[in-house]
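Summary of the model geometry
These are the residues of each chain, in order.
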Amino acid sequence: MTQRRDLRDFELMDYEWQIVGQLRDVLKILKDATMFFSRSTPSLATVIPAMDLIDEKLMTYSLDNKYLPAIHAAVGLAKKTLNRYYQLTDHSDVYHIAMILHLHHKLTYFKLAK
């Protein structure tokens, strides 16, 4: 009986379940990206647009007042991490060449990104 009582100490409160639910919603974009890239061999030309989509979603989450402060903080850290990777691509010649040589993107990607 004491073992059961000890487990109750770890039971989540209602507000903690709310955080878990919101975190699940926010993490879905990362799960979707992971599943997409697990199906095939990713290339720079597919990773960068995926990063754009993730960034767009994170921005939407960060501006949405329905999310709790803990979720806003987590999203802020995720955006900061993503932006660090974006900065690395800005200084990479390989990234620019890969995007320009891609049949779908060419220079359009850079024109739309400005």
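All values reported here derive from a predicted model rather than from experimental measurement.

1. Concerning the nonpolar core
With 16 residues, the main nonpolar core has V26, I54, L58, Y61, V75 and L82 as its most contacted residues. Contributing elements (two or more residues each) for this core: α2 (14-39), α3 (44-63), α4 (69-90) and α5 (93-101). No other element matches the 6 residues that α3 contributes to this core. Each residue touching V26, except ones within four places of it in the same chain, is listed here: Y61, Y67, I71 and V75.

2. Some thoughts on the pattern of salt bridges
Within this structure, the stated rule accounts for 4 salt bridges. E11 is paired through a salt bridge with R8; the nearest N and O atoms lie 3.2 Å apart. Residue classification places E11 among the partly exposed residues on the basis of a relative accessible area of 47%. For R8, a relative accessible area of 48% puts it in the partly exposed group. With a closest N to O distance of 3.0 Å, R24 and D25 form a salt bridge. Among the residues examined, R24 registers a relative accessible area of 56% and is labelled exposed.

3. Some words on the side chain of K79
The topology assignment puts K79 in helix α4. Filtering out sequence-adjacent residues up to four positions away, K79 remains in contact with D55, L58 and M59.

4. Digging into the confidence of the model for the protein
Looking at the protein, the pLDDT average stands at 84 and 84% of residues meet or exceed 70. Summarising per-element confidence for the protein, the mean pLDDT is lowest in helix α6 (residues 108-113) (63) and highest in α2 (93).

5. A short note on a nonpolar patch on the surface
Residues L12, W17 and V20 make up a contiguous nonpolar surface patch of about 280 Å² in total accessible area. With respect to the helices, strands and loops of the structure, L12 is situated in the loop between α1 (2-8) and α2. Among the residues examined, L12 registers a relative accessible area of 33% and is labelled partly exposed.

6. A look at the packing of α3 against α5
Where α3 meets α5, the closest approach of the two axes is 9 Å, and the angle between their N-to-C directions is 100°. By the angle between their axes, α3 is roughly perpendicular relative to α5. Contact residues: α3 offers L44, A45, I48 and P49, while α5 offers V94, Y95, A98 and M99. Among the residues making up the contact of α3 with α5, the classes are represented as 8 nonpolar, no polar and no charged.

Reading the values: the criteria
Residues numbered from 1 in each chain as written. Predicted model: local features only at pLDDT ≥ 70, side-chain atom pairs only at ≥ 80, totals over all residues. Heavy atoms only, no water. Core = buried A, V, L, I, M, F, W, Y, C linked by side-chain atoms within 4.5 Å. Buried < 20%, exposed > 50% of the residue type's maximum accessible area, 1.4 Å probe, protein only. Helix = DSSP H or I, 4+ residues; strand = E, 2+ residues; numbered from the N terminus. Contact = heavy atoms within 4.5 Å. Salt bridge = Lys/Arg side-chain N within 4 Å of Asp/Glu carboxyl O. pLDDT = per-residue confidence, 0-100. Patch = residues over 30% accessible without salt bridge, like charges linked within 9 Å, V, L, I, M, F, W, Y side chains within 5 Å. Areas by Shrake-Rupley, 256 points an atom, 1.4 Å probe, with all protein chains shown as cover. Axes fitted to C-alpha atoms, helices over the stretch in contact; angles between N-to-C directions. Parallel < 35°, antiparallel > 145°, perpendicular 65-115°, else oblique. Nonpolar A, V, L, I, M, F, W, Y, C, P; charged D, E, K, R; others polar.

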